[in-house]
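Now for the letters of each chain:
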There are 2 protein chains.
Amino acid sequence: MTSQENRTKQTFTISQLAAQLDISPRAIRFYEEKGLISPRRTPGNQRIYTAKDRARLKLILRGKRFGFSLDEIAEMIGMADTDVDEVAQIEKSLAYGRRKLEEIRDRMRDLILLEQDLLAVQKKLEKRLEELKREGKP
Amino acid sequence: MTSQENRTKQTFTISQLAAQLDISPRAIRFYEEKGLISPRRTPGNQRIYTAKDRARLKLILRGKRFGFSLDEIAEMIGMADTDVDEVAQIEKSLAYGRRKLEEIRDRMRDLILLEQDLLAVQKKLEKRLEELKREGKP
DNA sequence: AGTAACGTTAACGTTAACGTAAGGTCTTCC
DNA sequence: GGAAGACCTTACGTTAACGTTAACGTTACT
């Protein structure tokens, strides 16, 4: 171990994290601008990300993959309106999160429907393909 | 039945459909520009939507809710590159659709993870809230 | 201590997915 | 048949989520 290497307190630079999560450093900085993460800094002002920060980023990306906007995600994880008092803010986030959980359950069902839709489309395409092939060489 | 009312061949105007699906007529026209739907027209050039068109729109909206872009959706349902020959196009769409189906299965798992993440966030928030309340009135 | 590789902010550019406004056409209903 | 209301196209505006320079500071290595 060179110096600052302590298996539990693994930290990353912005580009390391970006590579791991397959996004750009710019994207990560952008999420910070939006108030979704706030990593600590080195004395030289460079960002340092902990495993927790990484987990949060993964959550953000997951949310994104389901079409949630960054603003929505910000509310879900309770980092919005940091100017109001904390109790009110936390209660707001809790309520928001509960709504989003319901939404997620809806989406589960919806996802199944999407799957069925796509399966139906596939069947039709396969059928049409067979017809065309029969036409081609009868 | 007044005249053109044939329970199976229900048709809709653009604004009727928009209201049903809770989107704007402009959005529907936009999807058409993108090649996602192609409703028939009246002699006077107005769009008429069938139940099939409606189902397709629902599919589009479902796809959107999961973060698929309109271009991706276009490929999934087999309406892209209408200039190449049909067999090739259909095969392309089939392959694309299969990939997307896999993606959907991944997302199922992912959605469960997102749910767990959010539940974890909720627990933390609740805990923090209790702390704050204990502080407030000890 | 020099320098390559990486990091920082600031500011402008880009793209997808519509919104909106203008000006004209259809349909419907009296 | 004429006015209201819905529909049409065209075209420019808007917003979210980054991408892309530019101009400069920091870290790591030799």
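Every chain is numbered independently, its residues counted from 1 as its sequence is written. Chains carry letters from A onward and ligands carry numbers from 1 onward, assigned in written order. For a predicted model such as this one, the threshold for reporting local features is a pLDDT of at least 70, and the threshold for listing and counting side-chain atom pairs is 80 or more; totals across whole chains, interfaces and linings nevertheless cover every residue. Hydrogens and waters are ignored; side-chain quantities use all the structure's heavy atoms.

By the naming in an unreviewed UniProt entry, chain A goes by DNA-binding transcriptional regulator, MerR family and is assigned to Desulfacinum infernum DSM 9756.

Caption draft 1: Spotlight on the nonpolar core. Residues belong to a common nonpolar core when they are buried Ala, Val, Leu, Ile, Met, Phe, Trp, Tyr or Cys residues joined through side-chain atoms within 4.5 Å. Only protein chains enter the calculation, and the probe is 1.4 Å; a residue is then buried if its accessible area is under 20% of its type maximum, exposed if over 50%, and partly exposed in between. In this structure, Tyr31(A) and Tyr31(B) are the most contacted members of the largest nonpolar core, which totals 68 residues. Contacts: residue pairs with any heavy atoms within 4.5 Å of one another. Apart from the residues within four sequence positions on either side, Tyr31(B) is in contact with Ile23(B), Leu36(B), Ile37(B), Leu57(B), Ile60(B), Leu61(B), Lys64(B) and Leu70(B).

Caption draft 2: Layout of the protein's contact with DNA strand C. Around DNA strand C sit 19 residues in total, of which Ser15(A), Arg29(A), Arg47(A), Ser24(B) and Lys64(B) are the nearest. Neighbouring residues are identified by heavy atoms, a residue being near a molecule or strand if any of them is within 4 Å of it. Taking all atoms of DNA strand C within 4 Å of the protein, the share assigned to sugar and phosphate is 75%. We call two N or O atoms a polar contact when they sit within 3.5 Å, provided that within protein one can donate a hydrogen and the other can accept it, with sequence-adjacent residues counted only if both atoms are side-chain atoms. Interatomic distance of 2.9 Å between a side-chain N/O atom of Thr13(A) and a phosphate oxygen of DNA strand C. Take Arg29(A): an N or O atom from its side chain is 2.6 Å from a phosphate oxygen of DNA strand C. Under the DSSP-based scheme used, a helix requires at least four consecutive residues in state H or I and a strand at least two consecutive residues in state E, with every element numbered from the N terminus. Counting residues per element, the ones that place at least two in the surface near DNA strand C are helix H1 (14-21) of chain A together with helix H2 (25-33) of chain B.

Caption draft 3: View of the sheet that holds strand E3 (residues 47-50) of chain A. Residues and elements named next belong to chain A. Pairing between two strands requires that DSSP report at least two bridges joining them. Strand order in the open sheet formed by three strands is E1-E3-E2, and the pairing between neighbours is antiparallel. At either end of the open sheet lies a strand with only one pairing partner, and these are strand E1 (11-12) and strand E2 (40-41). Taken together, the two bridges between E2 and E3 define a ladder with antiparallel strand orientation. By the bridge assignment, Arg 41 is partnered in E3 with Arg 47. Throughout, an axis means a line fitted to C-alpha atoms (over the contacting stretch in the case of helices), and angles, computed between N-to-C directions, take values from 0 to 180 degrees. Taken strand by strand, helix H3 (residues 51-65) contacts E1 and E3, and its axis lies near 80° from that of E3.

Caption draft 4: View of the pattern of salt bridges. By convention in these notes, a salt bridge is any Lys or Arg side-chain nitrogen within 4 Å of a carboxyl oxygen on Asp or Glu. Using the criterion set out here, one finds 32 salt bridges over all chains in the structure. Here Asp71(A) makes a salt bridge to Lys34(A), at a shortest N to O gap of 3.1 Å. Taken together, the residues span a long stretch of sequence, with Asp71(A) in helix H4 (residues 70-76) and Lys34(A) in the loop between helix H2 (25-33) and E2 at a distance of 37 residues. Measuring nitrogen to oxygen at the nearest pair gives 2.5 Å for the salt bridge that ties Arg105(B) to Glu115(A). Of this pair, Arg105(B) sits in helix H5 (residues 86-136) while Glu115(A) sits in helix H5 (residues 86-136), each in a different chain. Classification of Arg105(B) by relative accessible area gives partly exposed; the value is 36%. Here the salt bridges do not stand alone but share partners, grouping Arg62(A), Arg65(A), Asp110(B) and Asp117(B) into one network.

Caption draft 5: Quick peek at the protein's contact with DNA strand D. Every one of the 21 residues lining DNA strand D counts as a neighbour, but Ser24(A), Lys64(A), Ser15(B), Arg29(B) and Arg47(B) are closest to it. Close to the protein, within 4 Å, the atoms of DNA strand D are drawn from sugar and phosphate at a rate of 73%. Tyr31(A) has a polar side-chain atom sitting 2.8 Å from a phosphate oxygen of DNA strand D. Within the contact set of DNA strand D, a phosphate oxygen lies 3.5 Å away from a side-chain nitrogen or oxygen of Thr42(A). Among the elements of the structure, H2 of chain A together with helix H1 (14-21) and H2 of chain B are those that each provide at least two residues to the surface near DNA strand D. Examining the composition of the surface near DNA strand D, we find that four residues originate from one element, H2(A), more than from any other.

Caption draft 6: Structural detail: the relation of the copies chain A and chain B. If you rotate chain A by 180° and push it 0.0 Å along the axis, it lands on chain B with an RMSD of 0.1 Å. The operation mapping one copy onto its partner corresponds to a two-fold rotation axis. The share of interface residues of chain A whose copies in chain B are also at the interface is 100%, consistent with both copies meeting through the same surface. To line up the copies, we fit them by least squares on C-alpha atoms, keeping just the residues with pLDDT of at least 70 in both.

Caption draft 7: View of the side chain of Gln122(B). Of note, Gln122(B) is situated in helix H5. With sequence-adjacent residues up to four places away left out, Gln122(B) is seen in contact with Ser93(A), Leu94(A), Gly97(A), Arg98(A) and Leu101(A).

Caption draft 8: Inspection of the interface of chain A and chain B at higher detail. Taken residue by residue, the interface counts 42 residues in chain A and 42 residues in chain B. Between chain A and chain B, the buried area comes to about 4300 Å², and carbon and sulfur atoms account for 69% of it. Across the contact surface, chain A and chain B share twelve salt bridges. Notably, a salt bridge pairs Lys133(A) with Glu91(B), separated by 3.6 Å at the nearest N-O pair. Where chain A touches chain B, the interface holds 14 residue pairs in polar contact (both at pLDDT 80 or more). Once two parts are joined, some of their accessible surface, as seen by a 1.4 Å probe, is lost; buried area is that loss totalled over both.

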